Amino acid sequence: MDKAEAGKRIEVLRQQLEEYGYHYYVLDKPIVSDAEYDKQMQELISLEAEYPEFISDDSPSVRVGGEPLPFFEKVEHRTPMLSLGNAFSEQDLRDFDRRVRQAVGDEVAYTCELKIDGLAVSLLYEEGKLVRGATRGDGTIGEDITANLKTIPAIPLRLKEDVTLEVRGEAFMPKRSFDQLNLAKEQAGEEKFANPRNAAAGSLRQLDPKIAAKRNLSIFVYAIGSIEGKEIHSHYEGINYLRTLGFKINEESKHCESIDEVIGYTTEWLEKRGELSYDIDGIVIKVDSLSQQKELGFTAKSPRWAIAYKFPAEEVVTILEDIELSVGRTGVITPTALLKPVQVAGTTVKRASLHNEDFIREKDVKLGDSVVIKKAGDIIPEVVNVLTELRDGSEREFTMPTHCPACESELVRLEGEVALRCINPQCPAQIREGLIHFVSRNAMNIDGLGEKVISQLFEHQLVRNVADIYKLEREALLKLERMGEKSVDNLLEAIEKTKQNSLERLLFGLGIRFVGAKAAKTLAIEFGTIERIQQATEEELIAVNEIGEKMASSIVRYFSTPEVSELLEELKQLGVNLTYKGAAPIAGVTESLFLDKTVVLTGKLHQLTRDEAKEKIEALGGKVTGSVSKKTDLVIAGEDAGSKLKKAEQLNILVWDEEQLLEVLHS
Ligand code: IVH
């Protein structure tokens, strides 16, 4: 194939793939097999690789995700992305209707739409070509997530007409994709997403578009933000026009002539919402006529011509089959209801929290009871109440144990607490939970060491305390099930790396009562070394902002035991860092492009010393390390950068020069 032929073939493939994608993802009516689609996509990708002169940013090949970004640019919306006022009852809807009719008269028609529970985005097209996609942000300024949005196959890269317009819609993750993603996360021992909305938002906030590309996201477009050279008279007409341009439109909307009809629609969907393949959290009601919309105008925050009716949290009835008791890190015994699996708000629920013994008694929960459960955003839902009227006599009383289910020592109820506790410091369940906490993301953050592996190590008695993690040996690990050479080496490397963590991670990881991640950081900044915290008196601790009496006394108590002193000495001998490394953080930095990024500095810098650069990056939440590896996110290459730069290029890691660094630091 010569160049001209390749160019032609590329064009044909692009058109076909967009057409196939349109039928599959927008119309839900595939016209070719998945295999054929994948085959053509592969052909396109290899042709573009061979003939890079034809690469184009609206080629369907961008759907697989391009290179990672260093950060998201901020963008200003041409017209603000407002939010909606809420209605929670029929009365609220009638009040809305009354206000509308007072303003524009009785000739009003509404469009009712499903309120998709995802993430609001804006898509800007110039002459039919997608040029920018952004998050809502604070409504005025959002973030440019074009690269991620382009991976969503239901978002057209080119429209069927060369119009210039901005549209708004809701990007979301279908329930099935969400279940699959969480299953995969569970198997990998990673933290699960609480709901499809968080999963969608999390996916679109990834700097690496390849991740978003794998997340099976979709979109429904529901509004025109602005448009050039076309008159549109009603919302309904606007939506129909968007459909003809190739956008994915939700087909469940309804044109309603009265508020009674609107209320009928909300009740209908409150019941039917479970049947949908995506989550909705309410209904959006919009005045249909655009001239009436204009007359009604806006309040400071939201339009007067629209309102969001919010569904109450979904409640379902199921059977409580058993109660499981777990022993937490601090010895608290928590009862969890094991339920007959049931669908709630789109996901399968098998467990519900019962909190503590008092809760069980107050709600009069018995084994075998029919219970009402509710999901309020959490992974583990709650038992709302028991349907005692459905009892048939076969239900059994549940009594809390008097002894720890893990170590059999007697349980106690500490003064002023509702929880039952195991106070045996040697309790294996507590030790195991403590280890899981120690390696977790906000603590030492040891890659590849999740709950499953910790349990395995614990069962094989390879770790009994946190110091043992740093004594693990290759030979012993290789004998474990599912532990190949590669995974053992990776694990050991990950463990080794965390020896360099700054003090606050260790401090939080130790699991001192009342010391959360934030307090750990404050303590680390304030005292600098673990010895100084260990020697601090209650008064000295309380003198620190944010440290109260309860926490101070807990810290003093923790460090006063000989076991703890021994443990710290052991960690020190093993080479674990016990000092604070980061610079004092700039107040208010919660989102920065360096947050949790691993950066390597190499070569000679002119405007800053290396230490200054390091300090600044760390103050913005980044981690500066000495060598380039797969895990490096960014390399800053100064003058005469040598082997590290070469390695970064080999590994395809993003490289900046000093100018770029300064520009970002100054912004
Ligand atoms: S219209 C100015 N229509 O709900 C009116 N919003 O506060 C703009 N949403 O974050 C919103 N489905 O992202 C509209 N069919 C729909 C919607 C919808 C979901 C979201 C939207 C916004 C929130 C409203």
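For clarity, every value in this text was computed on a predicted model and none was experimentally measured. (Residues numbered from 1 in each chain as written. Predicted model: local features only at pLDDT ≥ 70, side-chain atom pairs only at ≥ 80, totals over all residues. Heavy atoms only, no water.)

Further remarks concern the overall build of the protein. Of regular secondary structure, the protein possesses 25 helices and 22 strands. With respect to the principal axes defined by its C-alpha atoms, the protein has extents near 80 × 80 × 50 Å. Taking all contacts inside the protein whose residues are at least 6 apart in sequence as the whole, residues at least 24 apart take part in 68%. Element-wise, carbon and sulfur atoms account for 49% of the exposed surface of the protein, whose accessible area totals about 33,900 Å². (Helix = DSSP H or I, 4+ residues; strand = E, 2+ residues; numbered from the N terminus. Contact = heavy atoms within 4.5 Å. Areas by Shrake-Rupley, 256 points an atom, 1.4 Å probe, with all protein chains shown as cover.)

Further remarks concern the site of the ligand. Contacts to the ligand come from Ser-83, Leu-84, Glu-113, Leu-114, Lys-115, Ile-116, Ala-120, Glu-170, Tyr-222, Val-284, Lys-286 and Pro-303. At 2.9 Å from an oxygen atom of the ligand is found a main-chain nitrogen or oxygen belonging to Leu-84. Tyr-222 places a polar side-chain atom, nitrogen or oxygen, 2.8 Å from an oxygen atom of the ligand. In isolation the ligand has 520 Å² of accessible area, and contact with the protein removes 87% of it. Breaking the shell around the ligand down by element, the ones donating at least two residues are β3 (110–116) and β10 (280–287). Tallying contributions element by element places β3 first for the shell around the ligand, with four residues. Classifying every residue of the shell around the ligand by side-chain character gives seven nonpolar, one polar and four charged. (Near = heavy atom within 4 Å. Polar contact = N/O pair within 3.5 Å; in protein donor to acceptor, adjacent residues only side chain to side chain. Nonpolar A, V, L, I, M, F, W, Y, C, P; charged D, E, K, R; others polar.)

As a general feature of sheets, a regular strand has side chains that alternate between the two faces. Summarising the sheet, strand β12 (residues 315–327) and strand β15 (residues 370–374) pair through five bridges and their orientation is antiparallel. Residue Thr-318 lies in a different strand from β15, and its bridge partner there is Val-371. When β12 meets strand β13 (residues 333–344), the two strands line up antiparallel, connected through seven bridges. By the bridge assignment, Asp-322 is partnered in β13 with Leu-338. Two successive antiparallel strands, β12 and β13, enclose a turn made up of five residues, where Gly-331 displays a positive phi of approximately 90°. (Pairing = 2+ DSSP bridges.)

The pairing of strands in a sheet comes from backbone hydrogen bonds and takes either a parallel or an antiparallel form. Spatial ordering of the open sheet is given by β2-β11-β10-β3-β9, a layout of five strands whose pairing is mixed. Two strands bound the open sheet, and with one partner strand each, they are β2 (86–87) and β9 (254–256). Judged from the two bridges that link them, β2 and strand β11 (residues 306–310) form a sheet pairing that is parallel. For Ala-87, the partnering residue across the bridge sits in β11 and is Tyr-309. Its contacts with the sheet put helix α9 (residues 259–272) on β3, β9, β10 and β11, and the angle it makes with β3 is roughly 20°. (Axes fitted to C-alpha atoms, helices over the stretch in contact; angles between N-to-C directions.)

Here we take up the packing of aromatic side chains. Evaluation of the coordinates by the stated rule reveals 13 aromatic pairs. Centroid distance Phe-71 to Trp-656: 6.3 Å. Interplanar angle 85°. Geometry classified as edge-to-face. Here Phe-71 is found in the loop between α2 (34–50) and β1 (74–76), whereas its partner Trp-656 is found in strand β22 (residues 654–656), with 585 residues between them in sequence. Given the relative accessible area of 24%, Phe-71 is considered partly exposed. Linked through ring pairs, Phe-71, Phe-594 and Trp-656 together constitute an aromatic cluster. The cationic tip of Lys-160 hangs over the ring face of Tyr-22; the distance from NZ or CZ to the ring centre is 3.9 Å. For Lys-230, the ring lying beneath its charged end belongs to Tyr-241, and the centroid distance is 4.3 Å. (Phe/Tyr/Trp six-rings, centres within 6.5 Å; stacked < 30°, edge-to-face > 60°. Buried < 20%, exposed > 50% of the residue type's maximum accessible area, 1.4 Å probe, protein only. Lys NZ or Arg CZ within 6 Å of the ring centre and 35° of its normal.)

A surface patch of negative charge is lined by Glu-538, Glu-539, Glu-540 and Glu-549. With respect to the secondary-structure elements, Glu-540 resides in helix α20 (residues 538–542). (Patch = residues over 30% accessible without salt bridge, like charges linked within 9 Å, V, L, I, M, F, W, Y side chains within 5 Å. Salt bridge = Lys/Arg side-chain N within 4 Å of Asp/Glu carboxyl O. Lys, Arg positive; Asp, Glu negative; His and termini not counted. Charge placed at Lys NZ, Arg CZ, Asp CG, Glu CD.)

Counting 56 residues, the largest nonpolar core has Leu-449, Ile-469, Leu-506 and Phe-559 as the members making the most contacts within it. By size, the runner-up hydrophobic cluster in this structure holds 36 residues, among which are Ile-145, Ala-154, Val-163 and Ala-200. (Core = buried A, V, L, I, M, F, W, Y, C linked by side-chain atoms within 4.5 Å.)

Right, let's talk about the pairing of strand β4 (residues 119–126) for a bit. A large share of β4 lies buried, amounting to six of its eight residues. As paired elements, β4 and strand β5 (residues 129–135) share six bridges and run antiparallel to each other. For Val-121, the partnering residue across the bridge sits in β5 and is Thr-135. Counting the residues in the hairpin turn of β4 and β5 gives two residues, including Glu-127, whose phi is positive at 45°.

For the rest of this paragraph, the subject is empty space enclosed by the protein. Within this structure, the stated rule accounts for one cavity of 30 Å³ or more. Of the pockets and cavities examined, the largest cavity occupies roughly 70 Å³. In this structure, the largest cavity is lined by Glu-113, Leu-114, Ile-116, Phe-220, Val-221, Tyr-222, Ile-239, Ile-249, Asn-250 and Ser-253. Only β3 and β8 (218–227) provide two or more residues apiece to the lining of the largest cavity. Along the lines of polarity and charge, the residues of the lining of the largest cavity split into seven nonpolar, two polar and one charged. (1 Å grid on protein atoms, 1.4 Å probe; cavity = no way out; pocket = protein on both sides within 12 Å on 5 of 7 lines; lining within 4 Å. Points joined across faces, edges and corners; volume = space filled by probe spheres on them.)

With that settled, the discussion passes to the side chain of Thr-602. If you trace the backbone, Thr-602 turns up in strand β19 (residues 598–602). Its relative accessible area of 7% is what places Thr-602 among the buried residues. If we ignore the near neighbours within four places in the chain, the residues touching Thr-602 are Arg-610, Val-635, Ile-636, Ala-637, Gly-638, Ala-641, Gly-642, Lys-644 and Leu-645.

Right, let's get into the sheet that holds strand β20 (residues 623–625). In spatial order, the strands read β20-β19-β21-β22; together these four strands make up an open sheet with parallel pairing. The sheet is open, and its two edges are formed by β20 and β22, each paired on a single side. Ignoring strand direction, the axes of neighbouring strands in this sheet form an average angle of 30°. Bridge analysis of β19 against β20 gives three bridges, and the strand direction is parallel. Following the sheet pairing, Val-599 is matched in β20 by Val-624. Across the sheet, helix α24 (residues 643–650) touches β19, β21 (634–637) and β22, and the angle it forms with β19 is around 140°. Along the sheet, helix α25 (residues 658–666) contacts β21 and β22; its crossing angle with β22, the most-contacted strand, is approximately 85°.

By the definition in use, this model includes zero disulfides. Looking at the unpaired Cys-422, the closest cysteine sulfur is the one in Cys-407, lying at 3.6 Å. Of the cysteine sulfurs around Cys-427, a residue in no disulfide, the closest is that of Cys-407, at 3.8 Å. (Disulfide = S-S within 2.5 Å.)

Moving on, we get to a positive patch on the surface. Together, Lys-486, Lys-497, Lys-623, Lys-630 and Lys-631 line one region of the surface with positive charge. Structurally, Lys-630 is set in the loop between β20 and β21. Lys-630 sits in the exposed class, given a relative accessible area of 68%.

Turning our eyes to something else, we now look at the packing of helix α1 (residues 3–26) against α2. Close contact between α1 and α2 brings their axes to 10 Å; oriented N to C, the two are set at 145°. Between α1 and α2 the crossing geometry is left-handed. Residues Ala-6, Arg-9, Ile-10, Leu-13, Arg-14, Gln-16, Leu-17, Tyr-20, Gly-21 and Tyr-24 of α1 lie in contact with α2, whose contacting residues are Asp-34, Tyr-37, Gln-40, Met-41, Glu-43, Leu-44, Leu-47 and Glu-48. The residue inventory of the contact of α1 with α2, partitioned by class, reads 10 nonpolar, three polar and five charged. (Left-handed = near helix turned anticlockwise from the far one by under 90°.)

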